[in-house]
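Coordinate analysis (summary)
Below, each chain spelled out in residue letters.
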Amino acid sequence: MNQVPSWLAEYGEVRPDEPLARHTTMRLGGPAFAFLSVPSQEQAVALVERLEIEHIPWRVLGGGSNVIVRSPVIPEVVIHPTFQRFTILATGEIEAEAGCITALFARRVSEAGWAGWVWGVGLPGTIGGASVGNAGCVGGETKDGLKDIRWWSSATKRVECIPASEAQFAYRESRFKHERGLVLSAVWQLQPEQDVEATRTRMAEILIERKAHQPLGMASAGCVFKNLTQQSLADIERVERITNKRVPSPARERGIIPTGWLLDALGFKGYAHGTARISD
């Protein structure tokens, strides 16, 4: 695969040999064979169908958070969905396309008077990536209130509407992590927010907390580590003996060992290896 096919331009803006470091929050990654910004769902579906027919390898990159890209040339067409339309109906049904910026979506939904997304106001990335990884923070997750996800399946070669009940959502998990395809959009059914002013206050608090606890001015993946969940009391007590510190009570009661707490307890905050560093 030496020359970028000219027909790729039919599906969006093509950038041959585009450094993926420009498109990840950690500012890492070598050049892709071709980086293709695709402006519509229809073009995205037509593109992946043709790539499959031509046996050209491809993958999808959304907001580039929680992604580390290797430095050599990436021998694939990297598809970057830029379709970002979302609609809010009076019934509380909300549909968002895969390229929507998650934090902006969360703010608009919350300000429109719908409950369930205030937690996402500081979340990096896009709706497509959030749906695949069931992204979440401060007590909320993408799956909350989710009705279905529309995606193109490489297995069936068609667009499918997957109900949330069949998406196999778990902590930072879904079937979409393990099946090849392309998320196109997602639909939620939300309830009216009873206290919009309190929502605005909480959004401001989340952003202040994020600014205080994350190095926003630096190349970062944000909260990249998964917590240890479903831990037995014996597991928790063993970790407490090793660290000589007590797991915070709210997490302890839920069987969780927070990874941030663990890194701190073991003295790894601020630890550096070469140019990579765990935030202090």
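Scope of this entry: the structure provided in the associated data block.

What counts as what
Residues numbered from 1 in each chain as written. Predicted model: local features only at pLDDT ≥ 70, side-chain atom pairs only at ≥ 80, totals over all residues. Heavy atoms only, no water. Disulfide = S-S within 2.5 Å. Buried < 20%, exposed > 50% of the residue type's maximum accessible area, 1.4 Å probe, protein only. Pairing = 2+ DSSP bridges. Helix = DSSP H or I, 4+ residues; strand = E, 2+ residues; numbered from the N terminus. Axes fitted to C-alpha atoms, helices over the stretch in contact; angles between N-to-C directions. Phe/Tyr/Trp six-rings, centres within 6.5 Å; stacked < 30°, edge-to-face > 60°. Lys NZ or Arg CZ within 6 Å of the ring centre and 35° of its normal. Core = buried A, V, L, I, M, F, W, Y, C linked by side-chain atoms within 4.5 Å. Contact = heavy atoms within 4.5 Å. Patch = residues over 30% accessible without salt bridge, like charges linked within 9 Å, V, L, I, M, F, W, Y side chains within 5 Å. Areas by Shrake-Rupley, 256 points an atom, 1.4 Å probe, with all protein chains shown as cover. Salt bridge = Lys/Arg side-chain N within 4 Å of Asp/Glu carboxyl O.

So, about the state of the cysteines. Applying the stated criterion to the full structure yields zero disulfides. Free of any disulfide, Cys100 has its nearest cysteine sulfur in Cys161, 17 Å distant. Using a relative accessible area of 2% as the deciding quantity, one classes Cys100 as buried.

One open sheet holds the five strands; their spatial order is S5-S6-S11-S9-S10, and the pairing between them is antiparallel. Strands with a single pairing partner mark the edges of an open sheet, and in this sheet they are strand S5 (86-88) and strand S10 (158-163). The sheet shows a mean angle of 15° between the axes of neighbouring strands, taken without regard to direction. Examined bridge by bridge, S5 and strand S6 (residues 93-97) share three bridges and lie antiparallel to one another.

As a further point, take the packing of aromatic side chains. Taken as a whole and assessed by the stated rule, the structure comprises nine aromatic pairs. Aromatic pair Phe105 and Trp117: ring centres 5.1 Å apart, planes at 85°, arrangement edge-to-face. With Phe105 in helix H2 (residues 102-111) and Trp117 in the loop between H2 and helix H3 (127-133), this pair connects stretches of sequence that are 12 residues apart. Given the relative accessible area of 0%, Trp117 is considered buried. Geometrically, the ring pair formed by Trp117 and Trp188 is edge-to-face, given 5.4 Å between the ring centres and 85° between the ring planes. With a gap of 71 residues between them, Trp117 in the loop between H2 and H3 and Trp188 in strand S11 (residues 181-189) connect regions that are remote in the sequence. What makes Trp188 buried here is its relative accessible area of 0%. Among the aromatic residues, those joined into a cluster by ring pairs are Phe86, Phe105, Trp117, Trp119 and Trp188. Geometry around Trp7 places Arg50 over its ring, the cationic atom sitting 4.0 Å from the centre. When the ring centre of Trp58 is taken as origin, the NZ or CZ atom of Arg180, which lies over that ring, is 4.0 Å away.

By size, the foremost hydrophobic cluster in this structure holds 46 residues, and its most contacted members are Leu47, Leu51, Val77, Trp117 and Trp188. Those elements that place two or more of their residues in this core are strand S2 (31-38), helix H1 (41-53), strand S4 (74-81), S6, H2, H3, strand S9 (146-153) and S11. Apart from the residues within four sequence positions on either side, Trp117 is in contact with Thr102, Phe105, Ala106, Val109, Ser110, Ile127, Thr142, Trp188 and Leu190. Residues Ile236, Val239, Ala251 and Ile256 belong to the second largest nonpolar core, which totals eight residues.

So, about a nonpolar patch on the surface. Taken together, Ile242, Leu266, Phe268 and Tyr271 make up a surface patch of nonpolar side chains, about 400 Å² in accessible area. Tracing the chain through its elements places Leu266 in the loop between helix H7 (259-265) and strand S12 (272-273). Judged by relative accessible area, which is 45%, Leu266 ranks as partly exposed.

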